[in-house]
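Each chain is listed here by its residues.
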Amino acid sequence: MKKMSISASVSVVLLLICFVPASAQQKKIKVIADQDSGGPQGTNLLSLLMLLRAPQIDLLGITTISGDQWVESATIFALWAVEQTGRTDVPIVKGAEEPLVNTPREQEAREALYGSYLGWHGSFNPDAPNAKLIWMPPGGYPKMKARPGRAADFLIDTIRANPGEVILFCAGPLTNIALAIRMDPEIVGLTKAIYIMGGSSRGGAELNWWWDPEAAAITMRAPWKEIVVSPFEAGAEIWSSEQLMRRVVQAGGPLARHVKSLYLDVTPPAGTSLWSMMWDELLVSALLDPSVIKKSETMYLDVDISHGPSYGHTIVWKKADDIPVFFLPYSGPGGPDRRKWMGHLTPPVQLHPASVQLAVDVEKFEKIFVDVMSH
């Protein structure tokens, strides 16, 4: 029997490597999704479907939270999402129903004092359903049940079981994250990165942080190894549309019929729309391919927790490029002292740098969205 030459052996090895699927060659990204998964349509559910179908993602679990809808219905739709994608191996764990401090009654009192405004309040909407009300997803209630236990405990246990590997994908109010931090602060250093949809790059109100300001403050003040924030303004660059959903349906795949029935065969009730900004889907896309973000900037983000008229608004601190230029008569005879100014222009001591997304490659985003949704 002839011995195989060294060059032939190398050729065989290379040939075998070529036939190994790309997903097996590349290590999957371990993710826990913390999500106010209201449904059946919208940014919450579409982002979950992306996470559940993306071959690059090892989704370790989904923890639910109130926000756009109350947590009871959010949990039902998260369970429904895993069944629609054939991913019943992914555990669902119900999280907190209420914010840490904020309440609907306090919100109403603030608006009575400072003036109400017409805008999305999520489960704090004046006509929001009762917190315990659930309704049936299309096709019936999910057969799968949520895993017993609390979301904060699941977050702690899963991060500790996978030290340095887990990315937290946070696309709702940050109550569960804040509870986990308070229960076990060491998980912050054991987490690979935290990706957050929330806040504003310009300052002001955004639902996820406005709904539970104390939780957002606790989360943003924790010393994570990496903080990526997709603010309201970034998601506002991209909208779902009939044209985009037709591309998903035409591409085929396991979700084609699901998308067609929910987006192309539906006439929404008066006063509602099927189309919205794609905030959460953008965060998934950035996790899969960071180049979808054309521009980002390092900022230090905090939240106003003073319970005044700006309660829940984002506070933004950005490093100045240089000291201000002074009008000569007011500068003093010696001119400005640059060293003292630069020593003065320092970030708040309680905050940590975050990479904040500012501009999106819309064409690339849409391609990622269609590819993942048709996978």
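Residues numbered from 1 in each chain as written. Predicted model: local features only at pLDDT ≥ 70, side-chain atom pairs only at ≥ 80, totals over all residues. Heavy atoms only, no water.

Just to check I follow, could you spell out the environment of Gly 172 for this structure?
Among the secondary structure elements, Gly 172 is positioned in the loop between strand S4 (166–170) and helix H7 (175–183). When its relative accessible area of 0% is taken as the criterion, Gly 172 is described as buried. Linking Gly 172 and Thr 75, residues 97 residues apart in sequence, is a C-alpha distance of 13 Å. Once residues lying within four places of it in the same chain are set aside, the contact partners of Gly 172 are Asp 34, Gln 35, Asp 36, Ile 65 and Asn 208. (Helix = DSSP H or I, 4+ residues; strand = E, 2+ residues; numbered from the N terminus. Buried < 20%, exposed > 50% of the residue type's maximum accessible area, 1.4 Å probe, protein only. Contact = heavy atoms within 4.5 Å.)

So what exactly am I meant to see when it comes to the nonpolar core here?
One finds Leu 51, Leu 59, Ile 62, Phe 369 and Met 373 to be the most contacted residues of the largest nonpolar core, which totals 55 residues. It is helix H3 (residues 43–53) that provides the largest number of residues to this core, a total of 7 residues. With sequence-adjacent residues up to four places away left out, Leu 51 is seen in contact with Ala 33, Ile 57, Leu 59, Phe 169, Val 284 and Leu 287. Ala 180, Ala 215, Ala 216 and Ala 222 belong to the second-largest nonpolar core, a separate cluster that totals 35 residues. (Core = buried A, V, L, I, M, F, W, Y, C linked by side-chain atoms within 4.5 Å.)

Can you walk me through the sheet that holds strand S9 (residues 354–360) in this structure?
Adjacent strands of a sheet form backbone hydrogen bonds with each other and so pair up, either parallel or antiparallel. Sheet architecture is open: 9 strands sit in the order S3-S2-S1-S4-S5-S6-S9-S7-S8, paired in mixed fashion. Pairing within the sheet leaves two strands with one partner each, and these edge strands are strand S3 (92–94) and strand S8 (314–317). Between one strand and the next, the sheet's axes are offset by a mean angle of 30°, whatever the strand orientation. In terms of strand pairing, strand S7 (residues 293–303) meets S9 through 6 bridges, oriented antiparallel. Along S9, the bridge assignment pairs Ser 296 with Gln 357. Relative to strand S2 (residues 57–64), helix H6 (residues 151–161) is tilted by about 155°, and along the sheet it contacts strand S1 (29–35), S2, S3 and S4. (Pairing = 2+ DSSP bridges. Axes fitted to C-alpha atoms, helices over the stretch in contact; angles between N-to-C directions.)

What am I meant to see in the side chain of Ser 73 here?
Counting through the fold element by element, Ser 73 comes out in helix H4 (residues 71–84). For Ser 73, a relative accessible area of 3% puts it in the buried group. The contact partners of Ser 73, leaving out residues within four places of it in the chain, are Leu 133, Ile 134 and Trp 135.

Looking at this structure, I do not really get the packing of aromatic side chains. What am I missing?
What describes a pair of aromatic rings is the distance from one ring centre to the other and the angle between the planes of the rings. Inspection of the entire model under this criterion finds 10 aromatic pairs. Seen in terms of ring centroids, Phe 77 and Trp 80 are 5.9 Å apart; in terms of plane orientation they differ by 90°. Their pairing is edge-to-face. With Phe 77 and Trp 80 both in helix H4 and 3 residues apart, the pair spans about one turn of that helix. The rings of Trp 70, Phe 124, Trp 210 and Trp 211 are connected pair by pair, giving a single aromatic cluster. (Phe/Tyr/Trp six-rings, centres within 6.5 Å; stacked < 30°, edge-to-face > 60°.)

For this particular structure, what's the right way to read a nonpolar patch on the surface?
On the surface, Leu 100, Val 101, Leu 179 and Met 183 cluster together to form a nonpolar patch covering roughly 300 Å² of accessible area. Mapped onto the secondary structure, Leu 100 falls in the loop between S3 and helix H5 (104–114). The class of Leu 100 is partly exposed, set by a relative accessible area of 34%. (Patch = residues over 30% accessible without salt bridge, like charges linked within 9 Å, V, L, I, M, F, W, Y side chains within 5 Å. Areas by Shrake-Rupley, 256 points an atom, 1.4 Å probe, with all protein chains shown as cover. Salt bridge = Lys/Arg side-chain N within 4 Å of Asp/Glu carboxyl O.)

Sorry, what's going on with the confidence of the model for the chain here?
When pLDDT drops low, the exact placement of atoms in the prediction is not to be read closely. For the chain, the mean per-residue pLDDT works out to 91, and 93% of the residues sit at or above 70. Low pLDDT, under 50, characterises residues 1–18; the predicted model gives this stretch 3 contacts beyond four residues in sequence or across chains. (pLDDT = per-residue confidence, 0-100.)

What am I meant to see in the packing of helix H14 (residues 279–288) against helix H16 (residues 362–373) here?
What describes two packed helices is the angle between their axes and the distance between those same axes. Taken N-terminus to C-terminus, the directions of H14 and H16 make an angle of 90°; their axes are 10 Å apart at the nearest point. Taken as axis vectors, H14 and H16 run roughly perpendicular relative to one another. Judged by residue contacts, Glu 281, Leu 282, Ser 285 and Leu 288 of H14 engage Phe 365, Ile 368, Phe 369 and Val 372 from H16. (Parallel < 35°, antiparallel > 145°, perpendicular 65-115°, else oblique.)

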